[in-house]
Amino acid sequence: MTTPTRPKTPRAKAPSKKRKPEMQLQAEASMVHTKGPRPREREGEQALQPKLEISSELLAYAHVSKAWPFEEARKVVSRLRRLPKPTGAIIFETGYGPSGLPHIGTFGEVARTTFVRHAFRVLTEDKIATRLICFSDDMDGLRKVPDNIPNKEMVAEHLGRPLTQVPDPFGDHPSFGHHNNARLKAFLDTFGFDYEFLSATECYTSGRFDATLLKVLQHYDGVRDVILPTLGPERTATYSPFLPISPVTGRVLQVPIIDRDVASGTIIYKEPETGKLTQVPVTRGHCKLQWKADWAMRWAALGVDYEMAGKDLIDSVRLSGHICRILGAQQPEGFIYELFLDEKGEKISKSRGNGLTIEEWLNYASPESLALYMYQTPKKAKRLYFDVIPRAVDEYVGHVAAYPREGPDVKLMNPVWHIHSGEPPEAELPISFALLLNLASASNSEDKDVLWGFIRRYAPEATPEAHPLLDQLVGYAIRYFHDFVRPAKRYRAADARERAALLDLDARLAKLPKAVLAEEIQAQVYAVGKEHGFEPLRSWFGALYEVLLGQTQGPRFGSFVELYGVPETRSLIQNALK
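Undergrad: Got a minute to help me understand the sheet that holds strand E2 (residues 130-136) in this structure?
TA: Within a sheet, neighbouring strands are paired by backbone hydrogen bonds and run either parallel or antiparallel to one another. Pairing in this open sheet of three strands is parallel, and the strands run E1-E2-E3 from one edge to the other. Since the sheet does not close on itself, it has two edges, and those belong to strand E1 (90-96) and strand E3 (196-199), each with one partner. Taking each pair of neighbouring strands and ignoring which way they run, the sheet shows an average axis angle of 30 degrees. Pairing geometry for E2 and E3, over four bridges, is parallel. When the bridges of E3 are listed, Ser 136 appears paired with Ser 199. Helix-sheet contacts for helix H3 (residues 104-123) involve E1 and E2, and the interaxial angle to E1 is about 175 degrees.

In structure tokens:
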């Protein structure tokens, strides 16, 4: 594990509140909005955002910036020129399927859409209203029982019913859909996202979708013609864009539609439980739509202008866009991002619960580092597991430290400008998170006071009070060390050449002056490796990490010795050689 050289940067601004449990861990640190929106008073209400102050210089650079949120926002600006909206706001949307607990990918989609929305506000000088809708497909029928919930047997009795009609296995909410929606809103609220939550169940049953559902019925054959070529023979025989909700069992039925009546807005099917022909309206929640038709209907009904989607939904985007045009609307602008993978390279799944959770990331690192991970290379598949956390923390701090020294064009390329909606905090960290981890590893200490003792030796002016962000990182480092580094430690004995080199290094360290700097220490370490014939030289550093620290990689060794202390490092060597 390497560490950058120590930057000279301004002092950190960090939250003053103590760390809260689970998802609320430090999340009030204004990750998305430096000036947060006013709280929503009721469901579906969009909080008002503070007006952006945009200079002419910023605007000029924004129009040509190659940062991906600006590139996406320019698509929406171009759409507005082609399809002007005489009334209403520009609608950004993200969708969520609450068949399982919300996972970190859901957070990523909302964060990324928020970055694009803010870039659009800048490009349009904040003169055009915008809304971000987080839509929950909670009227979907439950297809299988998730692996990561209690009371699986009870839930299994309700397979096929809309998620908002399945009892909550946790016993906290009216239904499983309500439970998962509450979890989604809880962590979105925790991070300060400005959004409007919409439930499919509410939109269907309240009549909000009725006019567009009747359009689907009117264009029934055209919608089927889009979907049928993509289906196998068995599905083709039964496919209908409408799925009746059985009045007998309450289940979402995938049955052939025998007849339809556009004038009365109804369909007729054979009820599986009774064998009788049953006529139901397509409106007011008596039916829901199949997935691709449902997505298109939603775009048309809500007037969605922008929605991104994962690579696995490329075909769905294309087909839903075709259906949207059949309904007389234009599909949204969009962005296809790559998928998040778990440690084994498998796609993260809500029902399986594989990959990192929001709570797990926030137990070991700040919400800002998570936002950075979501910002970076969205078109590249990335693995979400614990080993990515330390690097994300240091990269975030590095970007914040660099920001004040950058020109206006470069600032718009800096991820922290987008993460903090144009107002990044200042930061001063005398040491990196990676170095903190290795300090905890070398000292085998889980005591913050012990680590602060080493830090003050390296940076005498540093205190937890003066550097709250650093103190926060010390806590993260201790937790990460306890859970991941300590259990994986595997020390080995030095071979003959390594032993001679370590004795040589010990002798050289003994001759160094007390105020020796990391660069001089590093020079001595290099010299020992070369003189003892280590080729390539990284094998020498590998030996240092494995013999002294019990791990396969480690920090820039000179910086580590300067922080840990020359006498303490000599003790490590002597103990390892005994």
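After that view, the rundown keeps rolling.
Undergrad: Got a minute to help me understand unusual backbone geometry in this structure?
TA: Most of the time, phi is negative for any residue but glycine, and the peptide bond is trans. With an omega of 0 degrees, the peptide bond running from Glu 535 to Pro 536 counts as cis. Mapping Pro 536 onto the fold places it in the loop between helix H21 (518-531) and helix H22 (538-549). Even without glycine at this site, Asp 126 takes up a positive phi of about 60 degrees. Looking at the secondary structure, you find Asp 126 in the loop between H3 and E2. Among the residues examined, Asp 126 registers a relative accessible area of 8% and is labelled buried.

Undergrad: Which parts of the structure should I look at to understand the packing of aromatic side chains?
TA: Remark: the centre distance and the inter-plane angle together describe each pair of aromatic rings, the angle taken between the planes. Summed over all chains, the structure comprises 26 aromatic pairs. Measuring from ring centre to ring centre gives 5.6 Å for Trp 68 and Tyr 375, while their planes differ by 35 degrees; the resulting arrangement is tilted. Residue Trp 68 is located in helix H2 (residues 68-82), and its partner Tyr 375 is located in helix H13 (residues 367-375); the two are separated by 307 residues in the primary sequence. Just as Trp 68 is buried, Tyr 375 falls in that class too. Each ring, one from Tyr 364 and one from Tyr 480, has its centre 5.8 Å from the other, and the planes form 90 degrees; the classification is edge-to-face. Here Tyr 364, found in helix H12 (residues 358-364), pairs with Tyr 480, found in helix H19 (residues 468-488); they are 116 residues apart in sequence, far enough to count as distant. By relative accessible area, which is 5% here, Tyr 480 ends up buried. Counting every residue linked through ring pairs, the aromatic cluster contains Trp 68, Phe 115, Phe 335 and Tyr 375.

Undergrad: Teacher, can you tell me more about H22 here?
TA: Each α-helix turn comprises 3.6 residues. Residues three or four places apart therefore point the same way. Here H22 spans 16 Å end to end across twelve residues, near enough to the 16 Å set by a 1.5 Å rise per residue. Extensive coverage of H22 is indicated by the burial of nine of its twelve residues. On its buried face, H22 sits against helix H17 (433-443), helix H20 (496-510), H21, helix H23 (557-564) and helix H24 (566-577). At the exit of H22 stands Gly 550, carrying a positive phi of roughly 70 degrees.

Undergrad: I'm lost on the pattern of salt bridges in this one. Help?
TA: Pairs can form between side chains of opposite charge once their charged atoms are near each other. Going through the model one piece at a time under the given rule, you end up with 24 salt bridges. We note a salt bridge from Arg 284 to Asp 210, for which the minimum N-O separation is 3.3 Å. Residue Arg 284 is found in the loop between strand E7 (277-281) and strand E8 (287-289), and its partner Asp 210 is found in helix H7 (residues 210-218); the two are separated by 74 residues along the sequence. For Arg 284, a relative accessible area of 47% puts it in the partly exposed group. The buried category is assigned to Asp 210, whose relative accessible area is 13%. Two residues, Glu 531 and Arg 508, come together in a salt bridge whose shortest N-O distance is 2.6 Å. Here Glu 531 is found in helix H21, whereas its partner Arg 508 is found in helix H20, with 23 residues between them in sequence. A relative accessible area of 56% means that Glu 531 is categorised as exposed. By relative accessible area, which is 18% here, Arg 508 ends up buried.

Undergrad: What am I meant to see in the environment of Ile 431 here?
TA: Turning to its location among the elements, Ile 431 is positioned in the loop between helix H16 (415-419) and H17. Owing to a relative accessible area of 5%, Ile 431 belongs among the buried residues under this scheme. Considering only alpha carbons, one finds Ile 431 and Tyr 458, 27 residues apart in sequence, at a separation of 8.6 Å. The contacts of Ile 431, once residues within four sequence positions are left out, are Leu 436, Ile 455, Tyr 458, Leu 470 and Leu 563.

Undergrad: Honestly, the nonpolar core in this entry has me stumped. Any pointers?
TA: For soluble globular proteins, nonpolar side chains are generally found buried alongside one another. In this structure, Trp 361, Trp 540 and Phe 557 are the most contacted members of the largest nonpolar core, which totals 116 residues. Residues Tyr 204, Val 216, Leu 253 and Val 280 belong to the second largest nonpolar core, which totals 46 residues.

Undergrad: Which parts of the structure should I look at to understand the sheet that holds strand E6 (residues 266-270)?
TA: Pairing is antiparallel across the open sheet formed by three strands, whose spatial order is E5-E6-E7. Where the open sheet ends on each side, the last strands, each with one partner, are strand E5 (259-261) and E7. Direction aside, the axes of adjacent strands within the sheet are offset by 25 degrees on average. Sheet analysis places E5 next to E6, joined by three bridges and oriented antiparallel. Opposite Asp 261, over in E6, you have Thr 266 as the bridge partner.

Undergrad: Hey, could you run me through the pairing of E2 in this one?
TA: For a regular strand, side-chain orientation follows a simple rule: the groups alternate between the two sheet faces. Burial within E2 is extensive, with six of its seven residues counted as buried. With seven bridges connecting them, E1 and E2 associate as parallel partners. Bridge pairing in E2 links Ile 90 to Thr 130.

Undergrad: How do you make sense of the side chain of Asp 168 when you look at a structure like this?
TA: By the secondary structure assignment, Asp 168 is in the loop between helix H4 (152-156) and helix H5 (176-190). Buried charge without a partner: Asp 168 forms no salt bridge, and the closest opposite charge is Arg 183, 8.8 Å away. Looking at Asp 168, its side chain comes within polar contact range of the main-chain nitrogen of Phe 170, at 3.0 Å. With near-sequence residues (within four places) excluded, Asp 168 lies in contact with Met 154, His 173, Ser 175, Phe 176 and His 179.

Undergrad: I would appreciate a short explanation of the packing of H20 against H22 in the present structure.
TA: Two packed helices can be described by the angle between their axes and the distance between those axes. For the pair H20 and H22, the least separation of the axes is 11 Å and the interaxial angle reads 85 degrees. One finds that H20 runs roughly perpendicular with respect to H22. Side by side, H20 and H22 meet where Glu 498, Ala 501, Leu 502 and Leu 505 of the first sit next to Trp 540, Ala 543, Leu 544, Val 547 and Leu 548 of the second. Partitioning the contact of H20 with H22 into residue classes produces eight nonpolar, no polar and one charged.

Undergrad: For this particular structure, what's the right way to read helix H14 (residues 389-402)?
TA: With 14 residues, H14 should cover 20 Å at 1.5 Å per step; its first-to-last C-alpha distance of 20 Å lies within 8% of that length. The element H14 is largely enclosed, with a buried count of ten among its 14 residues. Among the residues making up H14, those that are buried are Ile 389, Pro 390, Ala 392, Val 393, Asp 394, Tyr 396, Val 397, Val 400, Ala 401 and Ala 402. Those residues of H14 that are buried lie in contact with H12, H13, H16, H17 and H19.

Cut-offs applied
- Residues numbered from 1 in each chain as written.
- Predicted model: local features only at pLDDT ≥ 70, side-chain atom pairs only at ≥ 80, totals over all residues.
- Heavy atoms only, no water.
- Pairing = 2+ DSSP bridges.
- Helix = DSSP H or I, 4+ residues; strand = E, 2+ residues; numbered from the N terminus.
- Axes fitted to C-alpha atoms, helices over the stretch in contact; angles between N-to-C directions.
- Contact = heavy atoms within 4.5 Å.
- Buried < 20%, exposed > 50% of the residue type's maximum accessible area, 1.4 Å probe, protein only.
- Phe/Tyr/Trp six-rings, centres within 6.5 Å; stacked < 30°, edge-to-face > 60°.
- Expected span 1.5 Å × (residues − 1).
- Salt bridge = Lys/Arg side-chain N within 4 Å of Asp/Glu carboxyl O.
- Core = buried A, V, L, I, M, F, W, Y, C linked by side-chain atoms within 4.5 Å.
- Lys, Arg positive; Asp, Glu negative; His and termini not counted.
- Polar contact = N/O pair within 3.5 Å; in protein donor to acceptor, adjacent residues only side chain to side chain.
- Parallel < 35°, antiparallel > 145°, perpendicular 65-115°, else oblique.
- Nonpolar A, V, L, I, M, F, W, Y, C, P; charged D, E, K, R; others polar.

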